[in-house]
Amino acid sequence: MAKANNKTVPTKASVSAFLSSVEDANKRRDVKKIMAIMRRITGKRATMWGPSLIGFGQYDYKYASGREGSFCITGVSPRAQNVSIYIMDGFTKYAALLKRLGKHKTGRACLYIKRLDDVDEGVLETLIERSVRTMQKTHTTR
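Keep in mind that this is a model prediction, so the values were computed, not measured. (Residues numbered from 1 in each chain as written. Predicted model: local features only at pLDDT ≥ 70, side-chain atom pairs only at ≥ 80, totals over all residues. Heavy atoms only, no water.)

## Overview of the state of the cysteines
Next up, step 1: Per the counting criterion, the structure on display carries 0 disulfides.
Next up, step 2: Cysteine Cys 72 remains unbridged, with the sulfur of Cys 110 as its closest cysteine sulfur at 9.3 Å.
Next up, step 3: The class of Cys 110 is buried, set by a relative accessible area of 11%. (Disulfide = S-S within 2.5 Å. Buried < 20%, exposed > 50% of the residue type's maximum accessible area, 1.4 Å probe, protein only.)

## Structural notes on the sheet that holds strand β8 (residues 110-113)
Adjacent strands of a sheet form backbone hydrogen bonds with each other and so pair up, either parallel or antiparallel.
Next up, step 1: The 6 strands lie next to each other as β1-β2-β5-β6-β8-β7, forming an open sheet whose pairing is antiparallel. The sheet terminates laterally at β1 (46-49) and β7 (105-106), the two strands that pair on one side only.
Next up, step 2: Across the face of the sheet, helix α2 (residues 25-42) comes into contact with β1, β2 (53-56), β5 (74-78), β6 (83-87) and β8 while running at roughly 175° to β5.
Next up, step 3: Packed onto the sheet, helix α4 (residues 121-138) meets β5, β6 and β8 and runs at close to 40° relative to β6. (Pairing = 2+ DSSP bridges. Helix = DSSP H or I, 4+ residues; strand = E, 2+ residues; numbered from the N terminus. Contact = heavy atoms within 4.5 Å. Axes fitted to C-alpha atoms, helices over the stretch in contact; angles between N-to-C directions.)

## Section: the packing of α2 against α4
Next up, step 1: Where α2 contacts α4, the two axes come as close as 10 Å, and the packing angle between them is 40°. Taken as axis vectors, α2 and α4 run oblique relative to one another. In this structure, α2 crosses over α4, and the sense of that crossing is right-handed. Side by side, α2 and α4 meet where Lys 33, Ile 34, Ile 37, Met 38, Arg 40, Ile 41 and Thr 42 of the first sit next to Glu 121, Leu 124, Glu 125, Ile 128, Glu 129, Val 132 and Arg 133 of the second. (Parallel < 35°, antiparallel > 145°, perpendicular 65-115°, else oblique. Left-handed = near helix turned anticlockwise from the far one by under 90°.)

Everything listed is a geometric property; what it means functionally is a separate question.
The following block contains the structure:
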């Protein structure tokens, strides 16, 4: 089967050095708080995935096409416009939580927020936890 040549893979880069390079102090603080939530939920240490994604845990996937690979179970990235939070099982079943979350946008598997103060942290934690548990039930994880 075809193993994916993912561009975003775990690296040996320092998470703390990366965080130190984030110029916006508020964004850096928000990412650290989100990281604490992800660490508590996954029980895994933070790892850099590529140059700008801080990931927790890892899952293996295999598509019907035969393509397979690995990616982090959840993660966070301080982007220029927002903070991206990786919800790997998507948002289809989380409509009720998203209504209660606060100011946000979604992509396929990314939740975008400007500031942590814009959202309900308890709802965010529940969303991350449910996604992680789903990924652990439906995929091989480590």
